[in-house]
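Letter by letter, the chains look like this.
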Amino acid sequence: MGSKLRIRHETWVDYPSPASSSYNEVRMSPLTLPTQTVLDSRVVVDPSVPLTAYWDYWGTQVTVFDVVDPHTTLALTATSLVETAPPEPLAAPPDRAEIAERAADSRLTEYLAVTPRTKVAPGLVERAAAEAAGLDAHEAAAAVTAIVRERVTYLPGSTGVHSGAQDAWDQRAGVCQDFAHLTAALLRAVGLPARYVSGYLHPHSEAPRDRPIAGESHAWVEYWAGEWIGQDPTNGTRPGESHVVVARGREYGDVPPHKGVYRGAAGEMPKVTVEFTRLG
C-alpha cells in the first residue's frame, strides 16, 4: 500500500535593496520512477516571469528563469502531487568484482569519483575497506552506513551547505546532507558506485489525511549493486513510501534545490518552508 502526498516547497529571498536582476535555477520537480508517480508538478515565481524547463546531465528537471527588472523580493513556490510505493525486496547482488568491472567501463565510474564534499581522510577509507572486506554489496553498504551512524549525531544547524563529509566526521555531528555525503564517500571507498539523492521525506507516516504538516527537504544515497538501491543513513532505513526523489548527482553541488545570482547588495539567506499533506 502506497501513499499520495502533496508537497508545497516555498522559498523567499528578501534583498536589502532592490536587485537590478537575478538569474535562477530551481530543482524542485519530483521524478516519475518505479516507486513514485508524479500526478502534478509546477513552479510559480513572483515576480511573474517566463519559465523554461530542461533535463540536466544527471537526469534532473531544472526550471530556469531570469528577472530582469528591479525587485526587492523573490518568491518561489513548487507544488507537487506524488503517488509513492514501497521498494521492491532486495535481490541478490552481483559479486563485488563484477560491480567493479561494470563500473570501470560505464558512466557508473562517475559515481566512484571523489568530489569536494565527499573527500575523507585516508584512515577513514581504510577503515571502511576493512569493515566491508568479505561482504557482499548489500552487507558492505550496511556496514559503512553503520560506521556513519555510530559516529555522527543528527544535529540541525551543526554544519552549513558548504560543509563536507570529513567536517561531519570530525565534529561528530551533521544533518541529512552530511550523512549522505559521508555515506557516499565510504560506499565509493569500498568500490560501490554511489549517488547523492535530494528530495523530501514526509516526517510522520501516520499523520492524519488532508491535514498539512511542516517538514523539510531531505537527502539520502543510492548505491549500485546490479540496480540502484536506496539507503537513508540519517534514519538507518531503506527509503520507502514516505520518500520522494527530486534529483540525483555525485553530491549536493549537482542538485541544489535553488541556485541563483543577482545584481545588488549582499543580503540574508533565503527563507524556506516545506509543507506536506497526506491524501491517501
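A quick note: this is a predicted structure, and the numbers were derived from the prediction, not measured. Residue indices follow the written sequence of each chain, beginning from 1 at its first position. Reporting of local features is limited, given that this is a predicted model, to residues whose pLDDT is at least 70; pairs of side-chain atoms are given and counted only at 80 or more, and all residues count toward the totals for whole chains, interfaces and linings. Derived side-chain values reflect all non-hydrogen atoms in the structure, with water molecules and hydrogen atoms excluded from consideration.

A. Representation of the packing of aromatic side chains within the structure. Here a pair means two rings of Phe, Tyr or Trp (six-membered ring of Trp) with centres within 6.5 Å. Their orientation is stacked below 30 degrees between planes, edge-to-face above 60, and tilted elsewhere. Inspection of the entire model under this criterion finds 5 aromatic pairs. Ring geometry for Trp58 and Tyr111: centres 5.8 Å apart, planes at 65°, overall edge-to-face. Taken together, the residues span a long stretch of sequence, with Trp58 in the loop between strand S4 (52-55) and strand S5 (61-67) and Tyr111 in the loop between helix H1 (96-104) and helix H2 (122-132) at a distance of 53 residues. Relative accessibility under 20% of the residue-type maximum defines a buried residue, over 50% an exposed one, and the middle range a partly exposed one, all with a 1.4 Å probe and only protein chains included. Exposure remark for Trp58: the relative accessible area of 16% places this residue in the buried category. Helix numbers and strand numbers start at the N terminus; a helix is a DSSP run of H or I with at least 4 residues, a strand a run of E with at least 2.

B. Molecular detail of the sheet that holds strand S3 (residues 36-46). Here, any two strands with at least 2 DSSP bridges between them count as paired. On the basis of which strands lie adjacent, the open sheet formed by 5 strands has the order S3-S6-S1-S15-S10 and antiparallel pairing. Because the sheet does not close on itself, it has two edges, and the strands there are S3 and strand S10 (213-215). Sheet twist, expressed as the mean angle between neighbouring strand axes with direction ignored, is 20°. Axis lines are fitted through C-alpha atoms, for helices just across the contact stretch, and the angle between N-to-C directions can take any value from 0 to 180 degrees.

C. Just empty space enclosed by the protein, in detail. Computed over the protein atoms alone on a 1 Å grid, cavities are sets of points where a 1.4 Å probe fits but cannot get out and pockets are open sets with protein on both sides within 12 Å along at least five of seven lines; a residue lines them when it has an atom within 4 Å of a point. Grid points are joined across faces, edges and corners, and a volume is the space filled by probe spheres set on the points. Counted according to the given criterion, the structure contains 1 cavity of 30 Å³ or more. Around the largest cavity, the lining residues are His9, Arg27, Met28, Ser198, Gly199, Tyr200, Ser217, Val246 and Pro257. Side-chain classes are defined by residue name, with Ala, Val, Leu, Ile, Met, Phe, Trp, Tyr, Cys and Pro counting as nonpolar, Asp, Glu, Lys and Arg as charged, and the others, Gly among them, as polar. Partitioning the lining of the largest cavity into residue classes produces 4 nonpolar, 4 polar and 1 charged.

D. Highlighting the pattern of salt bridges. Here, a salt bridge means any side-chain nitrogen of Lys or Arg that lies within 4 Å of a carboxyl oxygen of Asp or Glu. With the rule as written, the count across this model stands at 12 salt bridges. Across the pair Arg8 and Glu10 runs a salt bridge, and its minimum N-O distance is 2.9 Å. Its relative accessible area of 34% is what places Arg8 among the partly exposed residues. A relative accessible area of 16% places Glu10 in the buried class. Residues Glu25 and Arg27 are paired through a salt bridge, measuring 2.9 Å at the closest nitrogen-oxygen approach. What makes Arg27 buried here is its relative accessible area of 7%. Overlapping salt bridges bring together Glu25, Arg27, Asp56 and Lys259 as one network.

E. Quick look at the environment of Pro94. Structurally, Pro94 can be placed in the loop between strand S6 (71-84) and H1. When the C-alpha atoms of Pro94 and Glu227 are compared, they prove to be 9.6 Å apart, with 133 residues separating the residues in sequence. Residues are treated as being in contact if the distance between any of their heavy atoms lies within 4.5 Å. In this view, Pro94 contacts Ile99, Ala225 and Gly226; residues no more than four positions away in its chain are not counted.

F. Layout of the packing of H2 against helix H3 (residues 137-151). Relative to each other, H2 and H3 sit at 135°, their axes nearing to 9 Å. Between H2 and H3, the interaxial angle falls into the category oblique. Judged by the twist between their axes, the crossing of H2 over H3 is right-handed. Between H2 and H3, the residues in contact are Arg127, Ala128, Glu131 and Ala132 and Ala140, Ala143, Val144, Ile147 and Glu150, respectively. Each angle gets one of four labels, with under 35 degrees taken as roughly parallel, over 145 as roughly antiparallel, 65 to 115 as roughly perpendicular, and the rest as oblique. What makes a crossing left-handed is the near helix being turned counterclockwise from the far one by less than a right angle; a clockwise turn instead makes it right-handed.

G. Structural view of H2. Residues Leu124, Ala128 and Ala132 constitute the buried set of H2. Within H2, the buried residues cover an arc of 65° as seen down the axis, which keeps them to one side. Counted as exposed and oriented over 90 degrees from the buried face of H2: Pro122, Glu126 and Ala130. Looking at the buried positions of H2, the neighbouring elements they touch are H1, H3, helix H4 (165-171) and helix H5 (176-189). For this quantity, the arc is that covered by the directions from the helix axis to the C-beta atoms.

H. Here's a closer look at the pairing of strand S13 (residues 243-249). Summarising burial for S13: 7 of the 7 residues are buried, a large majority. Note that strand S9 (residues 194-201) and S13 share 6 bridges and pair antiparallel. Bridge pairing links Val197 to Arg248 in S13.

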